[in-house]
Amino acid sequence: MCKKCISPKPARTHHCSICDNCILKMDHHCPWFNNCIGFYNHRYFLMFCIFMTIDCIYLITFGFYYYCAYVYQNDELNIISFVINLGSIPSPHGRSIFFTLNAIEFFLCFVAIFAVGGLAGINIFVVSNGATNIELRSMRIPCVPSTYSNARNPYDLGFRANWKIFLGFDDFKSFFLKVILPSSHKPLGDGVDWSDYFKYNQNEHDIFLV
């Protein structure tokens, strides 16, 4: 029972003080989305972070060589000299606007890789252990068994099963349709009753076909 909502509080549900509401399988409250990340949108949040990180790596990797070929046509340039001379060397042929835009792009992508990539890395670790950020921080459900007890996360069904449940796929075809391509499929269960979650290993090949 939630003491603030005065309503039933299912397992893994937490009351968000910002939203003033109980969130099923709450992971955290995201100020950038102005919403709680929980049972129904955690997958979208993590995929957004992963794809954003990949996109930033792509822009920095291929954009850097494009920038060198376009601005420094006759000069040899490496990443060290680029960082040292960033913003101080005028671009040839009056292409200062292009230089400025590229400098801003590299800076934003560089920062985003560490910020968004770090957030994605933390959530990947959490999902791999079948937990949430709140459970990991509070240690109410430890991801790593305690050295002083046999405590373990009861929702951790193993690395492979955790990810298949989280992303909602069974085989390569469903992985392509539900993970690589945009998909609005619902997660396993309803976030209230976790019986289907614990039965996943017994019905692994047909649980998502219903």
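To keep things clear, this report deals only with the structure shown in the data block.

The rules behind these values
- Residues numbered from 1 in each chain as written.
- Predicted model: local features only at pLDDT ≥ 70, side-chain atom pairs only at ≥ 80, totals over all residues.
- Heavy atoms only, no water.
- Buried < 20%, exposed > 50% of the residue type's maximum accessible area, 1.4 Å probe, protein only.
- Helix = DSSP H or I, 4+ residues; strand = E, 2+ residues; numbered from the N terminus.
- 1 Å grid on protein atoms, 1.4 Å probe; cavity = no way out; pocket = protein on both sides within 12 Å on 5 of 7 lines; lining within 4 Å.
- Points joined across faces, edges and corners; volume = space filled by probe spheres on them.
- Nonpolar A, V, L, I, M, F, W, Y, C, P; charged D, E, K, R; others polar.

**Quick notes on helix α5 (residues 159–167)**
Phase 1: Taken across its nine residues, α5 has seven buried, putting it largely inside the fold.
Phase 2: If you check which residues of α5 are buried, you get Ala-161, Asn-162, Trp-163, Lys-164, Ile-165, Phe-166 and Leu-167.
Phase 3: At the C-terminal side of α5, Gly-168 shows a positive phi close to 80°.

**Some words on the layout of surface pockets**
Phase 1: Estimated volume of the second largest pocket: approximately 150 Å³.
Phase 2: Forming the boundary of the second largest pocket are Cys-30, Trp-32, Phe-33, Phe-45, Phe-48, Cys-49, Val-116 and Leu-119.
Phase 3: Elements represented by at least two residues in the lining of the second largest pocket include exactly α1 (42–71) and α3 (96–128).
Phase 4: Of the residues forming the lining of the second largest pocket, the biggest block, three residues, is contributed by α1.

**Details of empty space enclosed by the protein**
Phase 1: Going through the model one piece at a time under the given rule, you end up with two cavities of 30 Å³ or more.
Phase 2: In this structure, the largest cavity spans a volume of roughly 250 Å³.
Phase 3: If you go around the largest cavity, you meet 19 residues; those closest to its centre are Lys-25, Ile-165, Phe-166, Pro-187 and Tyr-197.
Phase 4: Contributing elements (two or more residues each) for the lining of the largest cavity: α1 and α5.
Phase 5: Considered class by class, the residues forming the lining of the largest cavity number eleven nonpolar, five polar and three charged.
Phase 6: Of the voids in this model, the second largest cavity is the one considered here, and its volume is about 40 Å³.
Phase 7: If you trace the second largest cavity, you find it lined by Phe-39, Leu-188, Gly-189, Asp-190, Gly-191, Asp-193, Trp-194 and Tyr-197.
Phase 8: For the lining of the second largest cavity, the per-class residue count stands at four nonpolar, two polar and two charged.

In short, shape yes, function no, at least from these values alone.
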